[in-house]
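Examination of the molecular architecture
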Amino acid sequence: MAGEEEAAGAAAAEGRAAGNGRSYDGKCVFCRIARREEPGTALLPCQYEDLVCFRDIRPSAPHHYLVVPVEHMGNCKTLKAEHIPLVKRMMEVGKAVLQRNNFNDLNDVRMGFHWPPFCSISHLHLHVLAPASQLGFLSRLMYRINSYWFITAEQLIERLQTENAAS
């Protein structure tokens, strides 16, 4: 029993060390990307230290980026009202990366999250897709507004505000 507790403590300390006191999962690809442990993934400039942005490895649009918290967080269904500022900052990063890449028609952008159980990676990540008008057939399905599997960032914020008001 004592050996198991020591091993668990060592693993937790290792995670804290790797994440500078933040939550870290060494098996999570987004945690490794956020800590620059995946040399094949280039991080794009980001105005917040607790967020990273990079290109999706399977782009569904000419501009397809992911905005990810450095700290390991569950999917969007685990968020609470206190996370609304985080979601808003993730959206700011998405808009900024689009503008830095000469995409300025913010009316032709889709930003959102896959709703569980339709998440391929269980680390919170915002999809930023543009131009939304150029999504192919399958991509239009995968990132479909008002579907059971995808929620826009605005819809998520509304949901979190409603849940907060109800509690």
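Fair warning: this is a prediction, and the values are worked out from it, not measured in the lab.

**Section: the environment of Met142**
Considering the arrangement of structural elements, one finds Met142 in helix 4 (residues 137–142). Spatially, the C-alpha atom of Met142 lies 8.5 Å from that of His114, the residues being 28 residues apart in sequence. Residue contacts for Met142: discarding those within four places in its chain leaves His114, Trp149 and Phe150.

**What about the nonpolar core?**
Judged by nonpolar contacts, the single largest core of 30 residues is most densely connected at Phe113, Leu126 and Leu156. Only strand 1 (51–55), strand 2 (63–69), helix 3 (84–100), strand 3 (110–114), strand 4 (126–130) and helix 5 (153–166) provide two or more residues apiece to this core. Considering each element in turn, this core owes the most residues, eight residues, to helix 3. Setting aside anything within four residues of it in sequence, one finds Phe113 in contact with Cys76, Val87, Met90, Leu124, His125, Leu126, Trp149, Phe150, Ile151, Ala153 and Leu156.

**Digging into the packing of aromatic side chains**
Under the criterion given, the structure shown has three aromatic pairs. Taking 5.5 Å as the distance between ring centres and 65 degrees as the angle between the ring planes, the aromatic pair formed by Phe30 and Phe54 counts as edge-to-face. Of this pair, Phe30 sits in helix 2 (residues 29–34) while Phe54 is found in strand 1, placing the two residues 24 residues apart along the sequence. Since its relative accessible area comes to 3%, Phe54 is described here as buried. Geometrically, the ring pair formed by Tyr143 and Phe150 is edge-to-face, given 5.5 Å between the ring centres and 85 degrees between the ring planes. Side by side, Tyr143 and Phe150 carry an identical accessibility label, which is buried.

**A few points about the confidence of the model for the chain**
Looking at the chain as a whole, its pLDDT mean stands at 87, while 86% of the residues score no less than 70. For residues 1–21, every residue scores under 50 in pLDDT, and the model assigns this stretch eight contacts once sequence neighbours within four places are set aside.

**Notes on the pairing of strand 3**
With five of five residues buried, strand 3 is to be regarded as a mostly interior element. Direction of pairing for strand 3 relative to strand 4: antiparallel, over a ladder of three bridges. Each bridged residue has a counterpart across the sheet, and for Met111 the counterpart in strand 4 is Val128. In this structure, strand 3 lies alongside strand 5 (residues 150–152), joined through three bridges in antiparallel fashion. Each residue of the ladder has a partner; that of Gly112, found in strand 5, is Thr152.

**Observations concerning helix 3**
Taking 1.5 Å as the rise per residue, helix 3 with 17 residues should run 24 Å; its terminal C-alpha atoms sit 24 Å apart, in good agreement. Structurally, helix 3 contributes buried residues whose contacts are with strand 1, strand 2, strand 3, strand 4 and helix 5. In the segment just after helix 3, Asn102 is the residue with positive phi, at about 60 degrees.

How each quantity is defined
- Residues numbered from 1 in each chain as written.
- Predicted model: local features only at pLDDT ≥ 70, side-chain atom pairs only at ≥ 80, totals over all residues.
- Heavy atoms only, no water.
- Helix = DSSP H or I, 4+ residues; strand = E, 2+ residues; numbered from the N terminus.
- Contact = heavy atoms within 4.5 Å.
- Core = buried A, V, L, I, M, F, W, Y, C linked by side-chain atoms within 4.5 Å.
- Buried < 20%, exposed > 50% of the residue type's maximum accessible area, 1.4 Å probe, protein only.
- Phe/Tyr/Trp six-rings, centres within 6.5 Å; stacked < 30°, edge-to-face > 60°.
- pLDDT = per-residue confidence, 0-100.
- Pairing = 2+ DSSP bridges.
- Expected span 1.5 Å × (residues − 1).

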